[in-house]
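Reading the structure
Residue-level listing of the chains:
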Amino acid sequence: MKKPEHLIYLDHAATTPLDPRVLQAMQPFFSDDFGNPSSFHALGVRAKDAVSEARETVAVLLGAHADEIIFTSGGTESNNLAISGVIKRWQGEGIPHVITSAVEHHSVLEPLMSMDRKKEIELTILGVDRTGKVSVEDAAKALKSNTVLISIMIANNEIGTIQPIADIGREILKWRKAHASLYPYLHTDACQATGFLDLNVDKLHADLLTLNGSKIYGPKGVGALYVRRGTKLQPFFIGGGQERNIRPGTENVPGIAGLAKAFELVQADRERESARLTALRDKLAFGLLQIPKTVLNGHPIDRLPNSVNISFIDIEGEAAVLYLDAEGIMASTGSACASASLDPSHVILATGLSYEGAHGSIRFTLGHSTTEADIDKVIEVMPGIVKRLREMSPVNLDMKYFS
Amino acid sequence: MQDPIAKATNEARKGDVVAPTKEKGWFYTDTVKEHFFHPKNFLEDEASYGEAYLGMVGSPACGDAMKVWLKIEDNRIKDFKWKTFGCASAIASTSMLSVMVTENGGMPVEDALKLRPQDIMARLGGLPARKVHCSVLGDKALRSAVNDYYRKTNQVDKIEVEAGRIIDKVLKITDHDIEEAVLEGADTLEKLQQRTKVGTGDPSCIPEVEQLIRFYKEKYFGA
């Protein structure tokens, strides 16, 4: 991949550039093989074949069957569809119970909290420990006779912490066996983990799994939802029967071809790239933690190979991100001022860090383009930026509150 | 379409978020950036300001906190030093305020008290709507320092108690502030918070804030 000149892009958890090989895989389906997969003529057949091939590719990578893959418009739609689909389709007595965690993406938490407010569901939000991990025991204890769904992400988008999904999955299997029930289903959001972890759905014991193109050097606006055979979902859209009627609408053929290609490429290189980035990640974290009054957010070891999130106490994240940007370094913050919401990152607050600490958090997420020279540059400029902003800041908090 | 990562423009290198469809930054004006990257009058040697008049507002928990040191001679503001914990617009608006009250031989204290957040914003060439609360803090920190001046110079009669009743104790937001915000269209708690951050540092005031929103909505819009 072509290396951006001068600029150091460390925001790969937000989105990734398109891999040229992915672009190549998508190219034929814009103007040449532009047919509608539902058409019977030659162009239609070519488009249909492309979608089938992509579905097969995605299925094989997940250890699944092709008919278990539903293409969508992205991570948000996949998460919404999994959650709403299961809840609306459920036909038991009373209202359904759902379990999730406090560090989920907004596209999981918001629909659930909205349904909870409207008394359409009963919701358990599991807390996390200081490293951002959900406890398997807590999850198992929360199971009830009306629990229909557990939705927990594989790895967190802000702090990178990896959750014990397979262990939670085993608890669910035990519960279903003991209660001779089809429910609850396990849904997991794999958007951030796709390039780094083994996503075999049988090893994870997942019934539903969310994928997204734009975090894996694929196109934006396309995603997929794995739906285990027998898992009942109520669709959002009503239309012409595409995607087994779970997600009707003319298929985004170039997007689907691109998603499959991107998924294939990152999974093929998964172990090597993970090892390379883990070394860079640890170097960056170690270097930045030499700055006084800093705290690493996320799990020290069970963390995505590309994720470094650090709170710089006494300064505000957005200001630091803009100073970094002036140095050609692009990072991000979950702080209030940088987002439309006023509260600092719900993820970092959930780990027990105070509001003050959460406001000063900065996320660096590494990717294909990241080199050791990039990391050295960040380690070189960051102390000066923090020092300058601390000189400007009237705040001087005692570190005993952050241990 | 320009790829902002591969082909960054000089504009982007100056330190702004860049919309991929435009080469120009969309978030902050050049004046804001100038004051953010080269802030004027921030306090460097606290020791020589022990005698200065001190004002404070906000808390780091809400994401913004400001401290102001004033030196006043012949009723004119001769020196305005500050420290700010906050985002770029908080830093830039405090910096701009410090310039505004000390230029041309120093602003008379009474004039400085009449400065409104809008005046600071106008000099900055505008701020994104949801950043306005930052400059609101600037004028409040100034008022708080001027009150300290009145207290220390035996002009207690001049101390201006916040016009109205303080609702949010941390951000010093009054019922009057809420009234103004409702008049400008903030008719829900969410919209009011976007404008003022009310309740983020002092959540205990939220029920009262919601009641006030209803009250002013009925008063002005009859709904």
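Because the structure is predicted, anything quoted here is derived from the model rather than measured. (Residues numbered from 1 in each chain as written. Chains lettered and ligands numbered in written order. Predicted model: local features only at pLDDT ≥ 70, side-chain atom pairs only at ≥ 80, totals over all residues. Heavy atoms only, no water.)

**A look at the overall build of chain A**
Scanning chain A from N- to C-terminus turns up 14 helices and twelve strands. For chain A, the spread of C-alpha atoms along the three principal axes comes to 65 × 55 × 35 Å. In chain A, buried positions account for 59% of the 403 residues. Across chain A, the fraction of contacts at a sequence separation of at least 24, relative to all contacts at a separation of at least 6, is 72%. When the accessible surface of chain A is totalled, it reaches about 15900 Å², and 54% of it is carbon and sulfur. Distance between charge centroids for chain A: 2 Å, based on 41 positive and 48 negative side chains. (Helix = DSSP H or I, 4+ residues; strand = E, 2+ residues; numbered from the N terminus. Buried < 20%, exposed > 50% of the residue type's maximum accessible area, 1.4 Å probe, protein only. Contact = heavy atoms within 4.5 Å. Areas by Shrake-Rupley, 256 points an atom, 1.4 Å probe, with all protein chains shown as cover. Lys, Arg positive; Asp, Glu negative; His and termini not counted. Charge placed at Lys NZ, Arg CZ, Asp CG, Glu CD.)

**Regarding a nonpolar patch on the surface**
Together, B:Leu183, B:Tyr220 and B:Phe221 make up an exposed nonpolar region whose accessible area comes to about 290 Å². Assessed through its relative accessible area of 45%, B:Leu183 is described here as partly exposed. (Patch = residues over 30% accessible without salt bridge, like charges linked within 9 Å, V, L, I, M, F, W, Y side chains within 5 Å. Salt bridge = Lys/Arg side-chain N within 4 Å of Asp/Glu carboxyl O.)

**Describing the sheet that holds strand β3 (residues 97–101) of chain A**
Residues and elements named next belong to chain A. The seven strands are arranged β2-β8-β7-β6-β5-β3-β4 in an open sheet whose pairing can be described as mixed. In this open sheet, the two edge strands, each paired with only one partner strand, are β2 (69–72) and β4 (122–126). Ignoring strand direction, the axes of neighbouring strands in this sheet form an average angle of 20 degrees. Relative to strand β5 (residues 147–151), β3 runs parallel, the two being bridged by four bridges. Residue pairing in the sheet places His 97 in a bridge with Thr 147 of β5. (Pairing = 2+ DSSP bridges. Axes fitted to C-alpha atoms, helices over the stretch in contact; angles between N-to-C directions.)

**So, the domain arrangement of chain A**
Residues and elements named next belong to chain A. Partitioning chain A into domains gives domain 1 (20–268) and domain 2 (270–397). On a C-alpha basis, the centres of domain 1 and domain 2 stand 29 Å from each other. At the junction of the two partners, domain 1 supplies 29 residues and domain 2 supplies 26 residues. With both chains or domains summed, domain 1 and domain 2 bury close to 2300 Å², and 57% of this area falls on carbon and sulfur atoms. The largest share of the area that domain 1 buries against domain 2 comes from Arg 130, Glu 158 and Phe 196, three residues that together contribute 34% of it. (Domains from an automatic or database assignment. Buried area = accessible area lost by both parts, 1.4 Å probe.)

**Focus on the packing of aromatic side chains**
Summed over all chains, the structure comprises seven aromatic pairs over all chains. An aromatic cluster of at least three residues, connected via ring pairs, comprises A:Tyr323, B:Phe36 and B:Phe37. (Phe/Tyr/Trp six-rings, centres within 6.5 Å; stacked < 30°, edge-to-face > 60°.)

**As for the environment of B:Lys67**
With respect to the secondary-structure elements, B:Lys67 resides in strand β2 (residues 64–73). For the pair B:Lys67 and B:Leu54, spaced 13 residues apart in sequence, the C-alpha to C-alpha distance is 7.3 Å. In contact with B:Lys67, not counting residues within four places along its chain, are A:Pro394, B:Leu54, B:Gly55, B:Met56, B:Lys81, B:Trp82 and B:Lys83.

**Topic: the domain arrangement of chain B**
Many descriptions give the size of an interface as the accessible area lost when the pieces come together. All names here are of chain B. The domain boundaries assigned to chain B delineate domain 1 (27–160) and domain 2 (163–223). The straight-line distance from the C-alpha centre of domain 1 to that of domain 2 is 23 Å. Facing the eleven residues of domain 1 at the interface are eleven residues of domain 2. Across the interface of domain 1 and domain 2, roughly 840 Å² is buried in total on both sides, 55% from carbon and sulfur atoms. Summed over the shared surface of domain 1 and domain 2, the result is one salt bridge.

**Some remarks on the pairing of strand β6 (residues 185–189) of chain A**
Residues and elements named next belong to chain A. In terms of residue burial, β6 counts as a mostly covered element, since five of its five residues are buried. Here β6 shows a buried face lined by Tyr 185, His 187 and Asp 189 and a second buried face lined by Leu 186 and Thr 188. Inspection of the sheet shows β5 paired to β6 by three bridges, in the parallel sense. Considered in β6, the bridge of Ser 151 is made with His 187. Handedness of the crossover is the feature at issue here: the chain leaves β5, passes through helix α7 (residues 165–178), returns alongside β6, and the resulting connection is right-handed. For β6 and strand β7 (residues 208–212), the ladder comprises three bridges, and the chain directions are parallel. From the neighbouring strand, Asp 189 faces β7, where its bridge partner is Thr 210. (Right-handed = clockwise from strand over helix to strand, strands pointing away.)

**Quick look at the side chain of A:Ser361**
Residues and elements named next belong to chain A. Inspection of the secondary structure assignment puts Ser 361 in strand β12 (residues 361–365). Since its relative accessible area comes to 1%, Ser 361 is described here as buried. In terms of polar contacts, Ser 361 uses its side chain to reach the backbone carbonyl oxygen of Ala 358, at 3.1 Å. (Polar contact = N/O pair within 3.5 Å; in protein donor to acceptor, adjacent residues only side chain to side chain.)

**A short note on the pairing of strand β3 (residues 76–85) of chain B**
Residue and element names in this part refer to chain B. Across the ten residues of β3, eight count as buried, placing the element largely inside the fold. Relative to β3, β2 runs antiparallel, the two sharing nine bridges. Residue pairing for β3: Glu 73 is matched across the bridge by Arg 76. From the end of β2 to the start of β3, which pair antiparallel, there are two residues, and Asp 74 there has a positive phi angle of about 45 degrees.

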